[in-house]
Amino acid sequence: MFDKARKLFELQGKAKKLQTMLQGLTFTGVELGGKVKVTVTGDQRVTEIEIDDGLISLEEKSSLIKFLTQATNAAIKRAQQAAATKTKEIMGGLGIPGL
């Protein structure tokens, strides 16, 4: 019983450490050959959006919105994948069945 409580306490500490580590990471989604870039942190906050000057015009507005959305989703997906990988590493080290 106490062993499980100790492992849970360790898990909480590792989860906090993981959260702090992820906040320090950045992930960038790139679309349209590098003309649209969105960067997010590991905790999935958008920190930067770059748009090539040649893309900004009224005629291209809907395309620009489309590529911004795709780049944002790509960056967030990379952040989620990194979080999942790190979580599996932490959980696997605890030896708790089902985690």
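Note that the coordinates shown come from a computational prediction; the quantities given were computed from them, not determined experimentally.

Caption draft 1: Summary view of unusual backbone geometry. For L32, which is not glycine, the phi torsion reads 55 degrees and is therefore positive. With respect to the element layout, L32 can be found in the loop between β1 (26-31) and β2 (36-41). Of the residues examined, L32 reaches a relative accessible area of 34% and is grouped as partly exposed.

Caption draft 2: Layout of the confidence of the model for the protein. Confidence in the prediction of the protein, expressed as mean pLDDT, is 83, and 92% of residues score 70 or more. Considering each helix and strand of the protein separately, the mean pLDDT is smallest for helix α1 (residues 2-23), with a value of 81, and largest for β1, with 92.

Caption draft 3: Structural detail: the nonpolar core. If you look at the biggest cluster of nonpolar residues, it comprises 11 residues: F27, V36, V38, V40, L55, L64, F67, A71, A75, A79 and A82. Within the residue set of this core, elements represented by two or more residues are β2 and α2 (61-94). In terms of residue count, the dominant contributor to this core is α2 (6 residues). For A79, the contacting residues outside a window of four places in its chain are F27, V40, T41, G42 and Q44. Formed by 5 residues, the second largest nonpolar core is a distinct cluster that contains L11, L18, L22 and A83.

The rules behind the values
- Residues numbered from 1 in each chain as written.
- Predicted model: local features only at pLDDT ≥ 70, side-chain atom pairs only at ≥ 80, totals over all residues.
- Heavy atoms only, no water.
- Helix = DSSP H or I, 4+ residues; strand = E, 2+ residues; numbered from the N terminus.
- Buried < 20%, exposed > 50% of the residue type's maximum accessible area, 1.4 Å probe, protein only.
- pLDDT = per-residue confidence, 0-100.
- Core = buried A, V, L, I, M, F, W, Y, C linked by side-chain atoms within 4.5 Å.
- Contact = heavy atoms within 4.5 Å.

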